[in-house]
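# Observations on the three-dimensional arrangement
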Amino acid sequence: MIEKRRVFIQKLAGLSLASMVGCKPLVAASAPVKRTGKPIILSTWDNKPANNRAWEILSTGGRALDAVEQGVMITEADPNDTSVGYGGFPDRDGNVTLDACIMDEKGRCGAVAYLQHIMHPIRVARLVMDKTPHWMLVGDGALAFALAEGMKKENLLTPKAEAAWREWLKSSNYKPISSENHDTIGMVALDQNGQLSGACTTSGAAWKMKGRVGDSPIIGAGLYVDNEVGAASATGLGEMVVRACGAHTIIEFMRQGLSPEMACKKTLERIIRLWPEHKGQQLGLLAIDNQGNIGGYGLRPGYKMTVTDDSGTRVVVPKHLFEWD
Ligand code: ASP
């Protein structure tokens, strides 16, 4: 009996060995791909200064990862941008809480969520990726890590954001996401070595519940990079993006051969087909493929993107699915 069992196991072992011989090994999705390319940067909304900073890095041969990190830091430090970093609108209790993530060409990623008092959440996300065994830190843990890394604790609630919050308190009427209360920056880039990276950073939905985290720091929802295919990012109602694993779905459509624009469109169509209750809300998507072709799509009018390449920086208006306003 024991002998029979031994022979059976040997046969099994032989079989699996035989089935491996002649099989092409699968290429890991994270394998760095060797190619050269024309550098290009694409970001959500009108974010020209952020793209220009990223371009300084890309145009001098820098890495896409450094370009997207440095680029979105410009928006994070801008007190007039009320949806990202310093000057971001707070939650309903008056706390500015930040979410961010970053991903590189090797599929390495880092993120922070519900981070307070730190001007550059994207820097913290990068350090989580580079220096810890984890991919995401949240709340007090993310803050403690940032302080240990030498970052300063700051008050991020500007007088302008505080005044808007106090005004909002009078009605306390929460509109999930409208054209006035969101402007997250998602940025993707292709560098001269043909490598892709992306970053996404936000203060999230204005007047959200305390503790709410959206799609922006979630790898696969607000941002995804697959160096074999492309990179994608989302802006709009996080609760809707997460349901569809938005950025990852765009990449999968591109893997099947769709252009970046069509992949974004198909992702929006899937969301509306599955969850028609999201029809009147805003969602803006963008993507770049590994050759530097770019595209985006909005759910409704108003969505914009910023492109930078060797012919300069310009704001483009992608197509949209529905005509409401
Ligand atoms: N996606 C962000 C969130 O839901 C909002 C935005 O895009 O501005 O937190």
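This text follows the structure it describes.
Quick notes on the rules
- Residues numbered from 1 in each chain as written.
- Predicted model: local features only at pLDDT ≥ 70, side-chain atom pairs only at ≥ 80, totals over all residues.
- Heavy atoms only, no water.
- Buried < 20%, exposed > 50% of the residue type's maximum accessible area, 1.4 Å probe, protein only.
- Helix = DSSP H or I, 4+ residues; strand = E, 2+ residues; numbered from the N terminus.
- Pairing = 2+ DSSP bridges.
- Contact = heavy atoms within 4.5 Å.
- Polar contact = N/O pair within 3.5 Å; in protein donor to acceptor, adjacent residues only side chain to side chain.

### Examining the pairing of strand β5 (residues 185-190)
Among the six residues in β5, six count as buried, and that is most of the element. Side chains of β5 alternate between two faces, with I185, M187 and A189 and G186, V188 and L190 buried alike. Pairing between strand β1 (residues 40-44) and β5: four bridges, direction antiparallel. By the bridge assignment for β5, L42 is matched with V188. Where β5 lies against strand β6 (residues 196-202), six bridges are found, and the strand directions are antiparallel. Residue pairing in the sheet places M187 in a bridge with A199 of β6. Between β5 and β6, which follow one another and run antiparallel, lie five residues, and G194 among them has a positive phi close to 75 degrees.

### Concerning the environment of S43
Along the chain, S43 falls in strand β1. Since its relative accessible area comes to 0%, S43 is described here as buried. Residues S43 and I185, spaced 142 residues apart in sequence, show a C-alpha to C-alpha distance of 6.5 Å. Setting aside its immediate chain neighbours within four residues, S43 contacts N51, I185, G186, M187, L286, M305 and T306. Polar side-chain contacts of S43 include one of 2.7 Å to the side chain of N51.

So yeah, pure geometry; function would need other evidence.
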